[in-house]
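# Survey of secondary and tertiary structure
Here is what each chain is made of, one letter per residue.
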Protein chains: 2
Amino acid sequence: MPESARAYALVDGQWQTHWPSTDRGLQYGDGLFETIRFAPGGHIPLWKYHRQRLLQGLCALNFPIDSLKQIEQTLAQRPDAASDSPLQAGKLIVTRGCGPRGYAPPATPELLIQWQPFVPQDWACHRLPQGLTAGFSDIALAIQPALAGFKHLNRLEQVLARQRFESDWQEAVMLDTAGQVIEGCMSNLFLLEQGRLITPDLSGSGVNGVVRRWLLSQYNVTVTTIDRVRLLAADAVFFCNSLQGIISAAQINGQAFEHSSAQQQIAALQQDLENLYA
Amino acid sequence: MPESARAYALVDGQWQTHWPSTDRGLQYGDGLFETIRFAPGGHIPLWKYHRQRLLQGLCALNFPIDSLKQIEQTLAQRPDAASDSPLQAGKLIVTRGCGPRGYAPPATPELLIQWQPFVPQDWACHRLPQGLTAGFSDIALAIQPALAGFKHLNRLEQVLARQRFESDWQEAVMLDTAGQVIEGCMSNLFLLEQGRLITPDLSGSGVNGVVRRWLLSQYNVTVTTIDRVRLLAADAVFFCNSLQGIISAAQINGQAFEHSSAQQQIAALQQDLENLYA
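Just so you know, these numbers come straight off a predicted model, no measurement behind them.

### Considerations on the overall build of chain A
Counting its secondary structure elements, chain A contains 8 helices and 15 strands. Taken over the C-alpha trace, chain A has a radius of gyration of 19 Å; the compact-globule value for 278 residues is 19 Å, and the two agree within 12%. Taking the principal axes of its C-alpha atoms as reference, chain A extends roughly 55 × 45 × 35 Å. By the burial criterion, 58% of the 278 residues in chain A qualify as buried.

### What to know about the relation of the copies chain A and chain B
For the pair chain A and chain B, the best superposition has an RMSD of 0.0 Å and corresponds to a rotation of 180° with a translation of 0.0 Å parallel to the axis. Viewed as a symmetry operation, the transformation between the two copies matches a two-fold axis. Most of the interface of chain A is mirrored in chain B: 98% of its interface residues are interface residues there too.

### A short note on the side chain of D23 of chain A
Within the secondary structure, D23 of chain A is located in the loop between β3 (18-20) and α1 (24-28). Within the buried core, D23 of chain A has no salt-bridge partner, and the shortest N-O distance to an opposite charge, that of R24 of chain A, equals 7.3 Å. A polar atom in the side chain of D23 of chain A sits 2.7 Å from the side chain of W19 of chain A. When near neighbours in sequence (up to four residues on either side) are disregarded, D23 of chain A contacts T95, G97, C98 and L112 of chain A together with L26 of chain B.

### Focus on helix α3 (residues 67-76) of chain B
Residue and element names in this part refer to chain B. Within the sequence span of α3, burial applies to S67, L68, I71, T74 and L75. Down the axis of α3, the sector holding all buried residues measures 125°, keeping them to one side. More than 90 degrees from the buried face of α3, the exposed residues found are K69 and A76. Looking at the buried side of α3, the elements it contacts are β1 (8-11), β2 (14-16), β4 (31-37), α2 (47-60), β5 (89-95) and β6 (112-118).

### Concerning the pairing of strand β9 (residues 181-184) of chain A
All names here are of chain A. As judged from the 3 bridges shared by strand β8 (residues 171-175) and β9, these two strands associate in the antiparallel manner. Counterpart to L175 in the pairing with β9 is V181. Two successive antiparallel strands, β8 and β9, enclose a turn made up of 5 residues, where G179 displays a positive phi of approximately 90°.

### Overview of the domain arrangement of chain A
Reports of interface size often rely on the accessible area that becomes lost once the parts have come together. Residue and element names in this part refer to chain A. On domain assignment, one finds that chain A holds domain 1 (3-120) and domain 2 (125-276). On a C-alpha basis, the centroid separation for the pair domain 1 and domain 2 is 26 Å. Residue-level contacts link 27 residues of domain 1 with 21 residues of domain 2. The three residues of domain 1 that bury the most area against domain 2 are F33, Y49 and R53, which together make up 36% of that side's buried surface. Counting across the interface, domain 1 meets domain 2 through 0 salt bridges. Taken together, domain 1 and domain 2 are joined by 11 residue pairs in polar contact (both at pLDDT 80 or more). For the side of domain 1 that touches domain 2, the secondary-structure elements that each account for two or more residues are α1, β4 (31-37), α2 (47-61) and β5 (89-95). When residues of the side of domain 1 that touches domain 2 are assigned to their parent elements, the largest contribution, 8 residues, is made by α2. For the side of domain 1 that touches domain 2, the class distribution of residues is 14 nonpolar, 10 polar and 3 charged.

What counts, and where the lines are drawn
Residues numbered from 1 in each chain as written. Chains lettered and ligands numbered in written order. Predicted model: local features only at pLDDT ≥ 70, side-chain atom pairs only at ≥ 80, totals over all residues. Heavy atoms only, no water. Helix = DSSP H or I, 4+ residues; strand = E, 2+ residues; numbered from the N terminus. Rg over C-alpha atoms; globule rule 2.2 N^0.38 Å. Buried < 20%, exposed > 50% of the residue type's maximum accessible area, 1.4 Å probe, protein only. Least-squares fit on C-alpha atoms with pLDDT ≥ 70 in both. Contact = heavy atoms within 4.5 Å. Lys, Arg positive; Asp, Glu negative; His and termini not counted. Salt bridge = Lys/Arg side-chain N within 4 Å of Asp/Glu carboxyl O. Polar contact = N/O pair within 3.5 Å; in protein donor to acceptor, adjacent residues only side chain to side chain. Arc of directions from axis to C-beta. Pairing = 2+ DSSP bridges. Domains from an automatic or database assignment. Buried area = accessible area lost by both parts, 1.4 Å probe. Nonpolar A, V, L, I, M, F, W, Y, C, P; charged D, E, K, R; others polar.

The structure is reproduced here in structure tokens:
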């Protein structure tokens, strides 16, 4: 196992590097995760949005009401909190914990929490200043309103899509089974049309990302259904997530995006996001 | 953790009761499972169908080609294989194992295999001789042909549905998001119409169970789309899975099924299945 993949599980109050075999996260994907980037001072600029999504997921899965408090307390005690690395990130997993065999959750579950710290890459826009190359995934996202928006552990659609990336892709555009554009495999996406920001409606599929919601809170954004024709006709397209930040698409499915004022507008958004982490 | 929930993980050639934290089964649900019932002599009468479904899942998820051989070897060495309990069962989990963070699987994954032995209940038709009570779940199954039929670890739809059982239900009928009847929460289902066996098409959703496929191999069964009106108008409905066997519905959504020759036909199927385990 590579050193970078060390994960800590909080089991019976102790941080360990193994996990109970009968955990419902493993048995059924009965849990949530968040991928979190810290500012140099150690705070989490987008914590408000991580917290909001965790809360949505805890409610949707019917986890105990005090789960969020427990998660926040655990995160404060994470094994790497005392480290002085300049830029840190981590993946948080919260599951419904162990239980007897069967889909029915225990009446009073004891959550299990995992923390996987890592050093993130630089923002994608610095690594790929010309933007990224993407294509359309041939895995269509199922439409399931009961699981849409929050970040649960049932991620086989993304695993399948990621396996099918062509060699020059850094991201894939995922459509749903009705043919509407939803998101990237690992990110949300936005269009620019004559200076206006547009992003897909996620009520049926997709993950409602923290950068997406921060953008919705800061700018005037239209949330609507978008098909692939409209996507390719946009002045520009960008992808965003908590680790990569905001990254422009240089081309999608061979269609290049070269509208210079739209690219400048994306650069301004990138700068606004980076300022949160200054 | 209850004693019945002890699970054994094969890690680095040793059976252990913990699981690596960075396993992709936990991180993404990137794996498969089977719930297996043994005959008293220790063989698995429906192994052919478990094996077939494992193979379908291994191919769909693009696991290494020799995975099935590894699973069969591991199963032969399971910790309880030497036990002389009269009737045994177990849950088998196979995951893509550990890897670096991210959806992309490692190029040469090392599978992890878990075995959770337990003593099964008696066949459901002996415990509930009058049949079971079921209702319609308000969780609709998403339509996702890329994941339909095989038994993967992304089971949140079933967890949500199981939580919503009314107190007098022993099973729930799951429809898909298009309103077609697919299966029970924990089983497949069949209709009897004037002596004919009918079962839902599972090309978009659902688990293609081992008892279902055994029935398809033994009898003349029509596989088609079925809506709730047709289900409730049937002479009889039964549910089936590897642990519970074949169990008739006494009522679904308040509609009683009392067609005596259809019930006799179900009793004959139950006997045929039990004979495999004699």
